[in-house]
Amino acid sequence: MISYKKIIIFFLFSFYFLIGSYFSLTNGITSDESFEQLNWVENINGIKNLFINGNYDEFLKYQDKYHGIAFHYLSQPIQLFLYKFTSYLNNSTEYAGHLMSKHIVVFSLFFFSSLFFYKLIFKITKNKLFSALSITVYLLYPYLFGHSMFNMKDIPFLSIWIITTYVSLKIIENIFLDKKIYYKELIILAFLSSFLISIRILGFVIFFQFLISLIIFFNFKNINLIYFFKQFYKQLLIFLLCLSIFIYILNPIFWL
């Protein structure tokens, strides 16, 4: 039987999501959104030329060819679906509606990441009250909430980082508890890491976080690096192989 507490929590989260979604679609256009759209168009044109003409000549001349487009893989389908409604909602042109439509994807990703933020805090503290307070601060902190309305770089980067952190710690925890490590978990971690890198090249820093987590694990388990490699070399190879493939797929500049 569903408790009143769960019903209230569901209602509050639903209300937050609906209000945030509306605000995200009606808060106007930032100065760099046309550039982000141009960056996506240049990548798509480069891909078309590669398959039609077999070269990247025009795309290689593009100044920001290494600018990540991972977020657009999520946003563009939603933008095509919502741009007319968004332009009507804001009494704007369809192009402006197309640009603003991506805001709801930014906010949705931020909202989705809050669930993993809760799990992450609870995994560390084992305290439901503290975890609930943490997710409340996360969702209502003015700076984060404001940027979740439009910021298509920093908020997706933050959101994917949190999700990736949770998945990585879950894998390390399973290793610590001598549980089986499933390949699907490693593939998911490789994809999330690659996606993070394709949003911002700074995403490579996540591997230093992985390294620190492993060092802490080695200290707790009192094992050395050589033993770890002998035990988990297959898993490491799968992770690195999938990581390389996903980085390649998510960055069209490498396809040539």
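Scroll up to find the structure this text is about.
Let me sum up the structure you'll find in this document. (Residues numbered from 1 in each chain as written. Predicted model: local features only at pLDDT ≥ 70, side-chain atom pairs only at ≥ 80, totals over all residues. Heavy atoms only, no water.)

1. Some words on helix 10 (residues 183-199)
And step 1. Its 17 residues give helix 10 an end-to-end C-alpha distance of 24 Å, which sits within 8% of 24 Å, the value for a rise of 1.5 Å per residue.
And step 2. A large share of helix 10 lies buried, amounting to 12 of its 17 residues.
And step 3. Those residues of helix 10 that fall on the buried side of the exposure criterion are E185, L186, L189, A190, L192, S193, S194, F195, L196, I197, S198 and I199.
And step 4. Contacts from the buried residues of helix 10 go to helix 4 (70-90), helix 9 (154-176), helix 11 (206-221) and helix 12 (225-250). (Helix = DSSP H or I, 4+ residues; strand = E, 2+ residues; numbered from the N terminus. Expected span 1.5 Å × (residues − 1). Buried < 20%, exposed > 50% of the residue type's maximum accessible area, 1.4 Å probe, protein only. Contact = heavy atoms within 4.5 Å.)

2. Structural notes on the packing of aromatic side chains
And step 1. Counting across every chain of the model gives 29 aromatic pairs.
And step 2. Considering the side-chain rings of F112 and F116, the 5.2 Å spacing of their centres and the 65° angle between planes classify their relative orientation as edge-to-face. Placement of both F112 and F116 in helix 6 (residues 103-125) is noted, with a separation of four residues, approximately one turn of the helix.
And step 3. When its relative accessible area of 15% is taken as the criterion, F116 is described as buried.
And step 4. Centroid distance F217 to F228: 6.2 Å. Interplanar angle 70°. Geometry classified as edge-to-face. You can see F217 sitting in helix 11 and its partner F228 sitting in helix 12, a full 11 residues away along the chain.
And step 5. Overall, the relative accessible area of 5% leaves F217 in the buried class.
And step 6. Joined through ring pairs, the aromatic side chains of F176, F217, F218, F220, F228, F229 and F232 make up one cluster.
And step 7. Across the ring face of F116, the terminal group of K119 is positioned such that the distance to the ring centre comes to 5.4 Å. (Phe/Tyr/Trp six-rings, centres within 6.5 Å; stacked < 30°, edge-to-face > 60°. Lys NZ or Arg CZ within 6 Å of the ring centre and 35° of its normal.)

3. With respect to helix 11
Note on helix geometry: an α-helix contains 3.6 residues per turn, so any two residues three or four positions apart are oriented the same way.
And step 1. Taking 1.5 Å of rise per residue, the 16 residues of helix 11 would be expected to cover 22 Å, and the 23 Å separating its terminal C-alpha atoms lies within 8% of that figure.
And step 2. Residues I206, F210, S213, F217 and F218 constitute the buried set of helix 11. Each buried residue of helix 11 sits inside an arc of 145° when the element is viewed along its axis, so together they form one side. For helix 11, the exposed residues set more than 90 degrees away from the buried face come down to F208, I212 and N219.
And step 3. Buried residues along helix 11 sit in contact with helix 9, helix 10 and helix 12.
And step 4. Once helix 11 ends, the next one or two residues include N222, with phi positive near 55°. (Arc of directions from axis to C-beta.)

4. Structural notes on the nonpolar core
And step 1. One finds F110, Y138, I171 and I175 to be the most contacted residues of the largest nonpolar core, which totals 54 residues.
And step 2. Residue assignment for this core shows that the elements contributing at least two residues are helix 1 (4-25), helix 4, helix 6, helix 7 (128-140), helix 9, helix 10, helix 11 and helix 12.
And step 3. Ignoring anything within four residues of it in the chain, the contact list for F110 reads Y16, Y138, L139, L144, S148, I155 and S159.
And step 4. L50, Y56, F59 and Y62 belong to the second-largest nonpolar core, a separate cluster that totals six residues. (Core = buried A, V, L, I, M, F, W, Y, C linked by side-chain atoms within 4.5 Å.)

5. Some points on unusual backbone geometry
And step 1. Its identity is not glycine, yet K126 carries a phi of approximately 60°, on the positive side.
And step 2. Residue class for K126 comes out exposed when judged on its relative accessible area of 54%.
And step 3. Not every positive phi belongs to a glycine, and D178 is a case in point at roughly 60°.
And step 4. Looking at the secondary structure, you find D178 in the loop between helix 9 and helix 10.
And step 5. When its relative accessible area of 62% is taken as the criterion, D178 is described as exposed.

6. Brief notes about the side chain of N174
And step 1. Inspection of the secondary structure assignment puts N174 in helix 9.
And step 2. Setting aside its immediate chain neighbours within four residues, N174 contacts K179, I181 and E185.

7. Description of the environment of F107
And step 1. Within the secondary structure, F107 sits in helix 6.
And step 2. Look at F107 and you get buried, because its relative accessible area is 0%.
And step 3. The spatial distance from the C-alpha of F107 to the C-alpha of P156 is 8.8 Å, given a sequence separation of 49 residues.
And step 4. Those residues in contact with F107 that lie beyond four places of it in its chain are Y16, F17, G20, S21, S24, F145, S148 and M149.

Just geometry here; none of it tells us what the structure is for.
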